[in-house]
Amino acid sequence: MDFGCKNNILRSLKDAGCAVHVMPANATADEIMALQPDGVFLSNGPGDPAATAAYAGPQIAKLIDQNMPVFGICLGHQLMALALGAKTHKMDRGHRGANQPVQNLRTRRGEITSQNHGFAVSEETLPKELEVTHRNLNDGTIEGVSHRDLPVFSVQYHPEASAGPHDSDYLFDRFAESLS
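These numbers come from a predicted model, not from an experiment. (Residues numbered from 1 in each chain as written. Predicted model: local features only at pLDDT ≥ 70, side-chain atom pairs only at ≥ 80, totals over all residues. Heavy atoms only, no water.)

(A) Examining the packing of aromatic side chains more closely. One pass over the structure, following the stated rule, counts 4 aromatic pairs. Between Phe41 and Phe71 the ring centres are 5.4 Å apart and the planes differ by 75°, which places this aromatic pair in the edge-to-face class. Placement of the pair is Phe41 in strand β1 (residues 40-42) and Phe71 in strand β2 (residues 70-73), with a sequence separation of 30 residues. Looking at Phe71, the relative accessible area reads 0%, which means it is buried. Between the aromatic rings of Phe71 and Phe175, the centroid separation amounts to 5.6 Å while the plane-to-plane angle is 45°, which identifies the pairing as tilted. In this pair, Phe71 sits in strand β2 while Phe175 sits in helix α5 (residues 170-178), placing the two residues 104 residues apart along the sequence. (Phe/Tyr/Trp six-rings, centres within 6.5 Å; stacked < 30°, edge-to-face > 60°. Helix = DSSP H or I, 4+ residues; strand = E, 2+ residues; numbered from the N terminus. Buried < 20%, exposed > 50% of the residue type's maximum accessible area, 1.4 Å probe, protein only.)

(B) View of the pairing of strand β7 (residues 152-155). Because side chains alternate across β7, one face comprises the buried residues Val152 and Ser154, and the other comprises Phe153 and Val155, equally buried. Bridging between β2 and β7 involves 4 bridges; their strand directions are parallel. Counterpart to Val70 in the pairing with β7 is Val152. In this structure, strand β6 (residues 142-147) lies alongside β7, joined through 3 bridges in antiparallel fashion. In the strand pairing of β7, Val145 is matched with Ser154. (Pairing = 2+ DSSP bridges.)

(C) Quick look at the sheet that holds β1. The 7 strands lie next to each other as β1-β2-β7-β6-β5-β3-β4, forming an open sheet whose pairing is mixed. Here the strands that pair on one side only, and so sit at the sheet edges, are β1 and β4 (110-121). With strand direction ignored, the average angle separating the axes of adjacent strands in the sheet is 20°. Helix-sheet contacts for α5 involve β1, β2, β3 (88-104), β4, β5 (130-136), β6 and β7, and the interaxial angle to β2 is about 160°. (Axes fitted to C-alpha atoms, helices over the stretch in contact; angles between N-to-C directions. Contact = heavy atoms within 4.5 Å.)

(D) Here's a closer look at the side chain of Gln115. Within the secondary structure, Gln115 sits in strand β4. Within the local environment of Gln115, its side chain forms a polar contact with the side chain of Thr113, the two groups lying 3.0 Å apart. (Polar contact = N/O pair within 3.5 Å; in protein donor to acceptor, adjacent residues only side chain to side chain.)

(E) Representation of α5 in the model. Turning to α5, its buried residues are Leu171, Phe172, Phe175 and Ala176. An end-on view of α5 places all buried positions within 140° of arc, on one side of the element. Those residues of α5 hidden inside the fold are in contact with α1 (7-15), β1, β2 and β7. (Arc of directions from axis to C-beta.)

(F) Region of interest: the environment of Arg96. Inspection of the secondary structure assignment puts Arg96 in strand β3. When its relative accessible area of 45% is taken as the criterion, Arg96 is described as partly exposed. For the pair Arg96 and Gln156, spaced 60 residues apart in the sequence, the C-alpha separation amounts to 12 Å.

(G) Seen up close, the pattern of salt bridges. The full count for this structure, using the stated rule, is 5 salt bridges. Measuring nitrogen to oxygen at the nearest pair gives 2.9 Å for the salt bridge that ties Arg135 to Glu123. Residue Arg135 is located in strand β5, and its partner Glu123 is located in the loop between β4 and β5; the two are separated by 12 residues in the primary sequence. Classification of Arg135 by relative accessible area gives partly exposed; the value is 23%. The salt bridge partner of Glu129 is Lys128, with a shortest N-O separation of 3.8 Å. On the accessibility criterion, Lys128 (66% relative accessible area) is exposed. (Salt bridge = Lys/Arg side-chain N within 4 Å of Asp/Glu carboxyl O.)

(H) Representation of the nonpolar core in the model. Counting 31 residues, the largest nonpolar core has Phe3 and Ile60 as the members making the most contacts within it. Of all elements in the fold, only α2 (29-34), β1, α3 (49-65), α4 (75-83), β5 and β6 reach the threshold of two or more residues within this core. Not counting residues within four places of it along the chain, the set of residues in contact with Phe3 comprises Ala25, Leu42, Ser43, Asn44, Gly45, Pro46, Thr52, Ala56, Ile60, Leu75 and Leu79. Residues Ala16, Phe41, Phe153 and Phe175 belong to the second largest nonpolar core, which totals 16 residues. (Core = buried A, V, L, I, M, F, W, Y, C linked by side-chain atoms within 4.5 Å.)

The structure is reproduced here in structure tokens:
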């Protein structure tokens, strides 16, 4: 789903072995499912995630309810969390730049990431189905989540931007593996 997708994201998905079909932000779950996808990617984009979730959230929730593998980046991360019942909040300053430290809580490894967002997922509203997988090392905000039972995950940062330069490439491979 294209909420303002960057070409480098599409290239990264293709490099991971995905065939890509771009759908508009206002596509319905039925329109997407009619294409018989193996998974759905939720792209980055500008704006207030709550405003976009007003129309996209119910569609994303329907896709997740059908056990569809879903991977979200940046706005896509926020939309996925909103679709599952979390809330977002406007940050005082946001995260900007190509040198933002994030820790993968599963591997305990640090990643240098590229970020450009002014909203974050509010941890106190996170539903029990979502596990925090990545955390910002500067301010402790959520940088990634994964569904505990479904093939659904997302990150707040831009793994395609190669800030690390390859610290976060594994996310595209993880998504491709969830499709088989």
